[in-house]
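Structural overview for review
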Number of protein chains: 2
Amino acid sequence: MALESWNDGVSKSAIVDFVARVTKDGGAQYFPPPERVAVFDNDGTLWCEQPIHVQIFFLIDRAKELAARDPALKERPAFRALLERDFGALLANGKQGAMELFAATHAGMSEDEFEAIARSWLASARHPKFGRLFKQCTYRPQVELLGYLRDNGFKTYIVSGGGVDLMRAFAEEAYGIAREQVIGSSMKLRFEIKEGRPHLMKVGELGSFDDHEAKPANIGLHIGRRPLLAFGNSDGDLEMMRYTKGGAGPRLALLLHHDDAEREFAYDREFKLSPLSEALDKADEYGITVVSMNRDWKAIFE
Amino acid sequence: MALESWNDGVSKSAIVDFVARVTKDGGAQYFPPPERVAVFDNDGTLWCEQPIHVQIFFLIDRAKELAARDPALKERPAFRALLERDFGALLANGKQGAMELFAATHAGMSEDEFEAIARSWLASARHPKFGRLFKQCTYRPQVELLGYLRDNGFKTYIVSGGGVDLMRAFAEEAYGIAREQVIGSSMKLRFEIKEGRPHLMKVGELGSFDDHEAKPANIGLHIGRRPLLAFGNSDGDLEMMRYTKGGAGPRLALLLHHDDAEREFAYDREFKLSPLSEALDKADEYGITVVSMNRDWKAIFE
């Protein structure tokens, strides 16, 4: 049974009705399979992003490991703030401090080396509240939805502010989403020959920060088609949702509202790193369907 | 019969043997379908790039049309050089002149508007020597090869210095390559709301010039897997071929040599815009298989 972790109601009906319309051969609102593109944010949409993004947990663990090998790093303000979890000081260091941390932990190595580090971390790192592996903090109703869309001829993509390489290290296993269908924030890559072997090096320079306006722009660059369906959970997804809704014919934009403190978390406007505010206020105006975790989901995790 | 426009010989055997090895279930050199990535250059590899790239013919026709509507453009050095086909003057204007021309003809409009212009041009623009539509100047042996690879579980990509949007306007029809599997040079995209409708605008700023080192870097960004097979025809493809060959297990890099003045063109080192020189000289050293158009292809065009 498809979407079995979704309660019957407005949200589930909106999804099922939409898919029926765009896939009905000969129907007025039919889209052929190549045009069936569905884009999903990752953090807070496909997996848990509380108390802070998984990427930040990874960043902290990596920074600890680097500092253990090179104690001089602990004297650098951005590292010190991160390692002492002094988030006030971290914010005070601004973008430059953040880039220093990302460059140190996410660059200066080949893509293959990063992949091995990410896989090894994901194999053991656990969520502080749920005790399960982070990669098992994926939402079961969403995994069902991804499969349901693919069964109906959709190509499913991640379009997330998260780092593309960390996501690619688990997205195929967790979501059935191939590496080439993962779009995220990225460091620049440089081709080089290292010990006679050609490699791609991750260099300490931002390629794309895939949030807000950058999301539709990256959809244009990577996919070249306007999606039929977009699913997000924060204001950073609003441009992607509006771009999706702006296409001709039926389009579906879905917004997950975390309103379930008991089974997961309840938050929106106050989550400073990635607030949900404007998208919630204007959902009606923009034709966005709000999904309530509490009301619409029978189960949360896989 | 697969590859029927390929003559029997070393090149065809290299392809067929390679595909047999990587697809043989249980074989020592087996790769599962998700890892079967094949990347193809476009200009000179999948379609004709002589006497000059199709993109330049498009650029000239677009510049003419713009200058007809706005005669002041004719006084601008880059436009004048292009319209008078004074290629010496064009080169003298350097990169800045080239960017001015690309910005005027390939930007300042939405992706949808550019797509309509490109499709309309491709529907009528003809090759000066062959008299056929440019979009029919695709190579029949290559279209067969793309299909053969897909029949064997490969995902086929274009990775070309050509503009991504011009290629996307015909690649699906001509090669069976979906828009999201076309990687090319690109202008930056900006999300904006125009008359209440969200659009992606092509802005007059280079996003990526997808040649040489940028090709493997873009493969990393867009695909995130090292290809098993790469096919090119110029030094601009050498880094992509070396990156491909640098992976573990069997990999195939193919280089098309245009040595058929009668049926198409014969050229290599002297084609200034995109020479074939180092890749030809070092093919043996790098394990690249040189395909001779004259010897290996029974037919040229579709």
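Now for a look at the structure at hand. Note that the structure is predicted; figures quoted are calculated from it, not measured.

Think of a pair of aromatic rings as described by two things: how far the centres are apart, and how the planes are tilted against each other in angle. Tallied over the full model, the rule gives 26 aromatic pairs over all chains. Relative to Phe-265 of chain A, the ring of Phe-130 of chain A has its centre 5.9 Å away and its plane inclined at 75°; by these criteria the two rings are edge-to-face. Of the two residues, Phe-130 of chain A sits in the loop between helix H6 (111-122) and helix H7 (140-151) while Phe-265 of chain A sits in the loop between strand S7 (252-259) and strand S8 (266-267), which places them 135 residues apart along the sequence. We classify Phe-265 of chain A as buried; its relative accessible area is 16%. When the centroid spacing of 5.0 Å and the interplanar angle of 35° are considered together, the rings of Phe-57 of chain B and Phe-134 of chain B count as tilted. In this pair, Phe-57 of chain B is assigned in helix H2 (residues 54-69) and Phe-134 of chain B in the loop between helix H6 (111-122) and helix H7 (140-151), connecting sequence segments 77 residues apart. We note that Phe-57 of chain B, like Phe-134 of chain B, is buried. One aromatic cluster in this structure is built from Trp-6, Phe-130, Tyr-139, Phe-265, Trp-297 and Phe-301 of chain A.

Let us now look at the interface of chain B and chain A. Each side of the interface is counted separately: chain B has 35 residues, and chain A has 35 residues. Contact between chain B and chain A buries roughly 3000 Å² in total, counting both sides, with carbon and sulfur atoms accounting for 49%. Inspection of the chain B/chain A interface yields eight salt bridges. Across the pair Arg-226 of chain A and Asp-112 of chain B runs a salt bridge, and its minimum N-O distance is 3.8 Å.

On to the packing of helix H1 (residues 10-23) of chain B against H7 of chain B, then. Residue and element names in this part refer to chain B. Running from N to C, H1 and H7 point in directions that differ by 15°, and their axes come no closer than 11 Å. Relative to H7, H1 is oriented roughly parallel. For the element pair H1 and H7, the recorded crossing hand is right-handed. Contacts between H1 and H7 pair Ile-15, Val-16 and Val-19 from the former with Leu-145, Tyr-148 and Leu-149 from the latter. Considering only residue class, the contact of H1 with H7 consists of six nonpolar, no polar and no charged.

Once that is clear, we can look at the pattern of salt bridges. Inspection of the entire model under this criterion finds 46 salt bridges over all chains. Its salt-bridge partner being Asp-8 of chain A, residue Lys-12 of chain A comes within 3.4 Å of it at the nearest N-O pair. On the accessibility criterion, Asp-8 of chain A (70% relative accessible area) is exposed. A salt bridge links Arg-225 of chain A to Glu-180 of chain B; the shortest N-O distance between them is 3.0 Å. Here Glu-180 of chain B lies in the loop between helix H9 (171-175) and strand S4 (182-194) and Arg-225 of chain A lies in the loop between helix H10 (214-222) and strand S6 (229-232), a pairing that spans two chains. On the basis of relative accessibility, which here comes to 9%, the residue Arg-225 of chain A falls in the buried class. If you follow the salt bridges from partner to partner, you end up with Lys-155 and Arg-225 of chain A together with Glu-172 and Glu-180 of chain B in one network.

What follows is about the pairing of S4 of chain B. Residues and elements named next belong to chain B. In terms of strand pairing, strand S3 (residues 155-163) meets S4 through three bridges, oriented parallel. Residue pairing across strands places Gly-163 opposite Ser-185, the latter belonging to S4. As paired elements, S4 and strand S5 (residues 197-208) share eight bridges and run antiparallel to each other. Note that in S5 the partner of Glu-192 across the bridge is His-199. In this structure, the hairpin formed by S4 and S5 is closed by a connection of two residues, where Glu-195 is found at a positive phi of approximately 50°.

Right, let's get into the relation of the copies chain B and chain A. Both copies of the chain are related through a single rotation about an axis accompanied by a shift along the same axis. For the pair chain B and chain A, the relating rotation is 180°, the translation along its axis is 0.0 Å, and the fit reaches an RMSD of 0.0 Å. Between the two chains, the operation in question is that of a two-fold axis. Residue His-222 of chain B of chain B places its C-alpha closer to the rotation axis than any other residue of that unit, at 3.3 Å. Residue by residue, 100% of the interface of chain B is reproduced at the interface of chain A, so both copies engage with the same surface.

What follows covers H1 of chain B. Under the 1.5 Å per step criterion, the end-to-end length of H1 of chain B is 20 Å for 14 residues, consistent within 8% with the ideal 20 Å. Of the surrounding elements, those touching the buried residues of H1 of chain B are H7, strand S6 (229-232), strand S7 (252-259), strand S9 (288-292) and helix H14 (293-296) of chain B.

Counting buried positions along helix H11 (residues 238-245) of chain B yields six of eight residues, so the element is predominantly enclosed. Buried within H11 of chain B we find Leu-238, Glu-239, Met-240, Met-241, Tyr-243 and Thr-244 of chain B.

Residue and element names in this part refer to chain A. One can find Gln-142 in helix H7. With a relative accessible area of 0%, Gln-142 lands in the buried category. Linking Gln-142 and Leu-3, residues 139 residues apart in sequence, is a C-alpha distance of 8.6 Å. Here Thr-45 takes part through its backbone oxygen, which lies 3.0 Å from a polar atom of the side chain of Gln-142.

Thresholds applied
- Residue positions are given per chain, counting from 1 as you read along its sequence in written order.
- Here chains are named by letter from A upward and ligands by number from 1 upward, in the order in which they appear as written.
- In keeping with the model being predicted, local features are shown solely for residues with a pLDDT of at least 70 and side-chain atom pairs are shown and tallied solely at 80 or more, while totals for entire chains, interfaces and linings include all residues.
- To obtain the side-chain values, all non-hydrogen atoms of the structure were included, while hydrogens and water were left out.
- Classification of ring pairs rests on two measures: the distance between centres of Phe, Tyr or Trp rings, Trp counted by its six-membered ring, which must be within 6.5 Å, and the angle between planes, read as stacked under 30 degrees, edge-to-face over 60 and tilted in between.
- Counting from the N terminus, the helices are DSSP H or I runs at least four residues long and the strands are E runs at least two residues long.
- Burial here depends on accessible area, computed with a 1.4 Å probe over protein chains only, as a share of the maximum for the residue type. Under 20% is buried, over 50% is exposed, and the range in between is partly exposed.
- Here a residue-residue contact requires only that any non-hydrogen atoms of the pair lie within 4.5 Å.
- The term buried area denotes the loss of accessible surface (1.4 Å probe radius) that occurs when two parts are joined, taken as the sum for both partners.
- We count a salt bridge whenever a side-chain nitrogen from Lys or Arg sits within 4 Å of a carboxyl oxygen from Asp or Glu.
- Working convention: axes come from line fits to C-alpha atoms, limited for helices to the stretch in contact. Angles between N-to-C directions cover 0 to 180 degrees.
- Angular relationships are summarised with four words: roughly parallel below 35 degrees, roughly antiparallel beyond 145, roughly perpendicular across 65 to 115, and oblique for the angles in between.
- Helix crossings are classified by the rotation of the near helix relative to the far one: an anticlockwise turn of less than a right angle makes the crossing left-handed, while a clockwise turn makes it right-handed.
- We call Asp, Glu, Lys and Arg charged. Ala, Val, Leu, Ile, Met, Phe, Trp, Tyr, Cys and Pro are nonpolar, and the rest, Gly among them, are polar.
- Two strands are said to pair when DSSP picks up at least two bridges between them.
- Copy-to-copy alignment: least squares on C-alpha atoms, limited to residues at pLDDT 70 or above in both.
- Expected helix span is computed as 1.5 Å times (number of residues minus one).
- Pairs of N or O atoms within 3.5 Å make up the polar contacts considered here, provided that, within protein, one atom can donate a hydrogen while the other can accept it, and that residues adjacent in sequence are counted only when both atoms are side-chain atoms.

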